[in-house]
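One letter stands for each residue in the lines below.
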Amino acid sequence: MTASHTDQDNWSLENLPDILYILKPEHGKSRQVVRITAQKVFGKHINAFSVLPDQISSKVEGWRLEAWMRLDRRITGQDIIDRVNPRYRFRLTSIDIELRRKAFREKFHVACWGAQKTINNISRLAMANGIDPASNSTRGLTPGLIDPSKGEAGGRILLPPRAAYDDISDSVSHPNHSNSDIFERTRLIKQSSHPGQIPAVILDESHRSNKTKSAEILYQLHWDTKHL
């Protein structure tokens, strides 16, 4: 379960946060040093971000992930995972996080801020729907209120089919983290990618000292946006 958080309790698919309607970033990524939490979260100190709740569900939605990672672009997949209860952490990897965000963006006509080509594509789509790109907004294209100042009277773009689903294949999201399955996971992700989108999966095997002194495999997905 994702914990309550100030100013975010009214977020929902029917009431998406304003940050998701911004076509392209209005300022650069913060260069401030990321601080560590004063209190421990699930037994350890983690990176502190004011926009993130202390506890996040392993089933966290793609739209919520996209909002958080736009609000503070220093946030990484690991910062999300660190806030998931360790009992359910196997259900969520950095790959899953990126796939959920991508599924949301595609369904809701939201640009990937890290890929100029997708910003250009959404900009053209907005113009085709009578939206001035100079407004830097996708309201009127992205589902939700067209003009929040007018409420429902200003009109609403309806939710797309299966809006509540992130459409992640079970073959991609599974709990077995053995080495052989990692390479199978990589193969499946490459097969599931769309033409022109090249997922580069970086596998980093790190060892840490703990009671069992076991090896931990960390996943990090970086989408090669050059051909988006």
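Above this note sits the structure.
Residues numbered from 1 in each chain as written. Predicted model: local features only at pLDDT ≥ 70, side-chain atom pairs only at ≥ 80, totals over all residues. Heavy atoms only, no water.

A word on the overall build of the protein
Okay, step 1: For the protein, the helix and strand inventory stands at 5 helices and 4 strands.
Okay, step 2: Helices and strands in the protein line up, N terminus first, as α-α-α-α-β-β-α-β-β.
Okay, step 3: Residues classed as buried in the protein amount to 43% of the 228 residues present.
Okay, step 4: Pairs at least 24 residues apart make up 60% of the contacts formed inside the protein by residues separated by at least 6 positions.
Okay, step 5: Of the accessible surface of the protein, which amounts to about 13,000 Å², a share of 51% is contributed by carbon and sulfur atoms. (Helix = DSSP H or I, 4+ residues; strand = E, 2+ residues; numbered from the N terminus. Buried < 20%, exposed > 50% of the residue type's maximum accessible area, 1.4 Å probe, protein only. Contact = heavy atoms within 4.5 Å. Areas by Shrake-Rupley, 256 points an atom, 1.4 Å probe, with all protein chains shown as cover.)

Quick notes on unusual backbone geometry
Okay, step 1: In the Ramachandran plot, Phe42 falls in the positive-phi region, its phi being about 50 degrees despite a non-glycine side chain.
Okay, step 2: Within the fold, Phe42 resides in the segment before α1 (62-71).
Okay, step 3: Here the phi dihedral of Arg162 falls at roughly 55 degrees; this positive angle occurs in a residue that is not glycine.
Okay, step 4: Within the element layout of this structure, Arg162 appears in the loop between β2 (156-157) and α5 (179-192).

Considerations on the environment of Val84
Okay, step 1: Mapping Val84 onto the fold places it in the loop between α2 (77-81) and α3 (94-108).
Okay, step 2: Here the alpha-carbon distance between Val84 and Val60, two residues 24 residues apart in the chain, equals 9.5 Å.
Okay, step 3: Once residues lying within four places of it in the same chain are set aside, the contact partners of Val84 are Phe42, Ile56, Ser57, Ser58, Arg89 and Leu92.

Considerations on the pattern of salt bridges
Side chains bearing opposite charge may pair, as long as their charged atoms lie close to each other.
Okay, step 1: Tallied over the entire structure, the rule returns 11 salt bridges.
Okay, step 2: Among the salt bridges present, the one from Glu14 reaches Arg156, with a minimum N-O distance of 3.4 Å. Here Glu14, found in the segment before α1, pairs with Arg156, found in strand β2; they are 142 residues apart in sequence, far enough to count as distant.
Okay, step 3: For Lys102, the salt bridge is made with Glu106, and the minimal N-O distance between the two is 2.7 Å. Here Lys102 pairs with Glu106, and both are found in helix α3, just 4 residues apart, close to one helical turn. (Salt bridge = Lys/Arg side-chain N within 4 Å of Asp/Glu carboxyl O.)

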